[in-house]
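# Structural features, examined
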Amino acid sequence: MPANLTPQYYEAEEKYRRAKTPEERIQALEEMLKVIPKHKGTEKLQGDIKRKLARVREEGKKKKSTAKGHDPFGVEKQGAGQIVLAGYPNSGKSSLVTSLTRAKLKVADYPYTTAIPATGMMPYKDTWVQLVDSPPLMEDNVPSGLIGTFKEADALLIIIDVSTAECLEQYEGLMKVLQEREVIDLSEEGEIIAPISFLVVANKIDYLDAEENLEVMKELMPGFDPLTVSINGNGLEELKERLYNLLDVVRIYGKSPDRPADMERPFILKRGSTVLDFAEQVHKDFPEQLKSALVWGSSKFDGQAVAREHVLEDGDIVELQL
Ligand SMILES: Nc1nc2c(ncn2[C@@H]2O[C@H](COP(=O)(O)OP(=O)(O)OP(=O)(O)O)[C@@H](O)[C@H]2O)c(=O)[nH]1
Ligand SMILES: [Mg+2]
């Protein structure tokens, strides 16, 4: 018997898919049970949802009871992507996250202020990028768990403090430890071939000797040309853009037939994703049901029917026809 699921049901299921916390998951599953059409054709699905609900409630309880064993270095991803900061003590990691997000983090003029990762959400265009502040990293001081945080990230932001003449040692030290721990890789020519995308910034450029320190570094390392920033505003707008670009994603807006597109909450997909990838993200059953899709943006004309393999571009509006 066909399930004949309603738009309300798919909406609730989408909420479930997008849920970040056990509480949100429970709420969405409860809603799915409430709105699912009650007939023979949905009995199996109702059973599945009930079992899922029981499992998520159980996991929620367990999580609470083992809260002490929570791993602070396993940072749950949120928003369009996760970027983790890496830098020497006192280089300005917490200050930068504070400047770019609304997070309130401890900043101090002494080293080793930050002991565990902390997050902040950076608004960019109509989406958010998650920034993760981290405890300091040095060759002889690698906080246990931090390498795992780097490897799980979508990208890294490497901070060099150019207010000090030791900025070159900082850069070399960071690169060495990241390479030794296989977060990044170096080619035989010494070029960075990182499996993870990253950006290097020279922070504290507002300091008196900063420009000079950076010049010395550039002379010693031809080709080295980091973005210069300072927490009082230098380069921060460009930094936001470069951070977002590191994620290499596109924003796609969903449209239901006979309704205007939802321009408030874009779906985030890796650049190069197709209509089929989009359908999969909206609902796991959609790729199978997909008959065609209408696209506004990357198509030749607005509302053009395109193939499943059509590559979507940033800002596209897509109406899936099932
Ligand atoms: N003038 C100036 N000061 C900065 C800048 N960035 C950070 N600072 C100062 O540098 C000091 C260290 O900043 P933090 O943000 O705590 O540095 P951190 O890298 O998080 O330090 P740890 O947590 O110890 O690793 C603070 O006194 C900040 O106010 C900057 O761009 N310009
Ligand atoms: Mg800090």
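An account of the accompanying structure is given in this report.

A few words on the site of ligand 1. Taken together, 22 residues form the shell around ligand 1, and within it Gly92, Ser94, Ser95, Thr114 and Ser230 come nearest. In terms of residue count, helix α4 (residues 93–100) provides more of the shell around ligand 1 than any other element does, 3 residues in total.

Looking now at the nonpolar core. The biggest cluster of nonpolar side chains holds 55 residues, and the ones touching the most others in it are Ile83, Leu85, Ala86, Leu156 and Val318. By residue number, the principal contributor to this core is strand β4 (residues 155–161), which donates 6 residues. If we ignore the near neighbours within four places in the chain, the residues touching leucine 156 are Ile83, Val84, Ala86, Phe150, Ile196 and Phe198.

Let's shift gears to helix α9 (residues 275–282). Val275, Phe278 and Ala279 are the residues of α9 that are buried. Down the axis of α9, the buried side of the element spans an arc of 100 degrees, and every buried residue falls inside it. Along its buried surface, α9 packs onto β7 (249–255), β8 (267–270), α10 (286–289), β9 (292–296), β10 (304–306) and β11 (317–321).

Of the pairings in the sheet, the one linking β7 to β8 comprises 4 bridges and is antiparallel in character. What sits directly across from valine 250, in β8, is leucine 269. Sheet analysis places β7 next to β11, joined by 3 bridges and oriented parallel. Bridging from a neighbouring strand, tyrosine 253 pairs with isoleucine 317 of β11.

Moving on: the sheet that holds strand β6 (residues 227–228). Within the open sheet, the 6 strands sit side by side as β2-β3-β1-β4-β5-β6. Their pairing is mixed. Two strands bound the open sheet, and with one partner strand each, they are β2 (118–124) and β6. Inspection of the sheet shows β4 paired to strand β5 (residues 197–203) by 7 bridges, in the parallel sense. Its bridge partner lying in β5, isoleucine 160 is registered against alanine 202. This element, helix α6 (residues 167–180), spans β1 (82–87) and β4 of the sheet and lies at about 155 degrees to β4. The strands touched by helix α8 (residues 236–247) within the sheet are β1, β2, β3 (127–133), β4, β5 and β6, with β5 carrying the most contacts at an inclination of about 165 degrees.

It is the contact of helix α1 (residues 7–18) with helix α2 (residues 22–35), at a shortest axis distance of 8 Å, that shows an interaxial angle of 165 degrees. Judged on the interaxial angle alone, α2 and α1 are roughly antiparallel. In the packing of α1 onto α2, the handedness of the crossing is left-handed. Across the interface between the two elements, Gln8, Tyr9, Ala12, Glu13, Lys15 and Tyr16 of α1 pack against Arg25, Ala28, Leu29, Glu31, Met32 and Val35 of α2. Counted by class, the contact of α1 with α2 contains 7 nonpolar, 1 polar and 4 charged residues.

Cut-offs used in this document
Residues numbered from 1 in each chain as written. Chains lettered and ligands numbered in written order. Predicted model: local features only at pLDDT ≥ 70, side-chain atom pairs only at ≥ 80, totals over all residues. Near = placed C-beta within 6 Å. Helix = DSSP H or I, 4+ residues; strand = E, 2+ residues; numbered from the N terminus. Core = buried A, V, L, I, M, F, W, Y, C linked by C-beta atoms within 7 Å. Buried ≥ 20, exposed ≤ 12 C-beta atoms within 10 Å, placed from the backbone. Contact = placed C-beta atoms within 7 Å. Arc of directions from axis to C-beta. Pairing = 2+ DSSP bridges. Axes fitted to C-alpha atoms, helices over the stretch in contact; angles between N-to-C directions. Parallel < 35°, antiparallel > 145°, perpendicular 65-115°, else oblique. Left-handed = near helix turned anticlockwise from the far one by under 90°. Nonpolar A, V, L, I, M, F, W, Y, C, P; charged D, E, K, R; others polar.

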